[in-house]
Amino acid sequence: MQATLRKEARMLSLIRRRGQRIRVGDDIEVVVVNVDGNEIRLGIAAPPEVRVLRPEAHEKAQRHSTPVVSDTAPVVRYRRSRRT
């Protein structure tokens with residue numbers, strides 16, 4: 001499935017490793033929590049008023065006209081595990 005972006009939107013492509021972060025604006029932080037083969041687990045910390053949805057959840061909500069607040073569990077804090 002290919003993501004459709006607004007005409008004026010641009011995509012920034014970054015290389016990040018586990019535990020590294022990126023900021024989106026002043027209020028949103030994305031953390032690479034884990035990488036396992038082709039699967040990447042991201043943590044997203046955003047204010048409660050910002051909707052964070054996977055594209056398929058967003059499309060489903062639009063098809064059914066169901067208001068969706070979020071499809072993610074609230075993120076309290078990312079804790080980096082210590083390696084021994």
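Since the structure is predicted, the reported quantities are computational estimates derived from the model, not experimental observations.

Undergrad: I keep staring at the pairing of strand β2 (residues 28-36) and nothing clicks. Help me out?
TA: Residues in a regular strand project their side chains so that they alternate between the two faces of the sheet. In this sheet, β2 lies alongside strand β1 (residues 21-24) in antiparallel orientation, the contact comprising four bridges. Looking across to β2, one finds that V24 is bridged to I28. With antiparallel pairing between neighbouring strands as the criterion, β1 and β2 make up a hairpin whose turn holds three residues, including G25 at a positive phi of roughly 65 degrees. Judged from the seven bridges that link them, β2 and strand β3 (residues 39-45) form a sheet pairing that is antiparallel. Counterpart to V32 in the pairing with β3 is L42.

Undergrad: Would you take a moment to explain the side chain of E29 for this structure?
TA: Within the secondary structure, E29 is located in strand β2. For E29, the side chain forms a polar contact with the side chain of R21, separated by 2.6 Å. Ignoring any residue separated from it by four or fewer positions in sequence, one finds E29 in contact with R21, I22, R23, G43, I44 and A45.

Undergrad: What am I meant to see in the pattern of salt bridges here?
TA: When charged atoms on two side chains of opposite charge get close, those side chains can pair. Scanning the model with the defined rule gives three salt bridges in all. The residue R23 makes a salt bridge to E29 at a minimum N-O spacing of 3.6 Å. Residue E56 is joined to R54 by a salt bridge in which the shortest nitrogen-to-oxygen separation is 2.8 Å. For E56, a relative accessible area of 39% gives the class partly exposed. Salt bridges sharing partners connect three or more residues here, namely R21, R23 and E29.

Cut-offs used in this document
The residue count restarts for each chain, going from 1 along the sequence in the order it is written. The predicted nature of this model means local features are confined to residues of pLDDT at least 70 and side-chain atom pairs, given and counted, to a pLDDT of 80 or more, with totals for whole chains, interfaces and linings taken over all residues. Side-chain measures were taken over the full set of non-hydrogen atoms in the model, leaving aside hydrogen atoms and water. Any two strands are treated as partners once DSSP identifies two or more bridges connecting them. The way it works is that DSSP assigns letters per residue, a run of H or I at least four long becomes a helix, a run of E at least two long becomes a strand, and they are numbered from the N terminus. In protein, a polar contact means a hydrogen-donor-capable atom and an acceptor-capable atom, both N or O and within 3.5 Å, with residues adjacent in sequence counting only if both atoms are side-chain atoms; elsewhere, any N or O pair within 3.5 Å suffices. The criterion used for residue contact is that any of the two residues' heavy atoms lie within 4.5 Å. Salt bridge, as applied in this entry: a Lys or Arg side-chain nitrogen positioned within 4 Å of an Asp or Glu carboxyl oxygen. Exposure is judged per residue with a 1.4 Å probe applied to protein chains only, and the accessible area is read against the type maximum: over 50% gives exposed, under 20% gives buried, and values in between give partly exposed.

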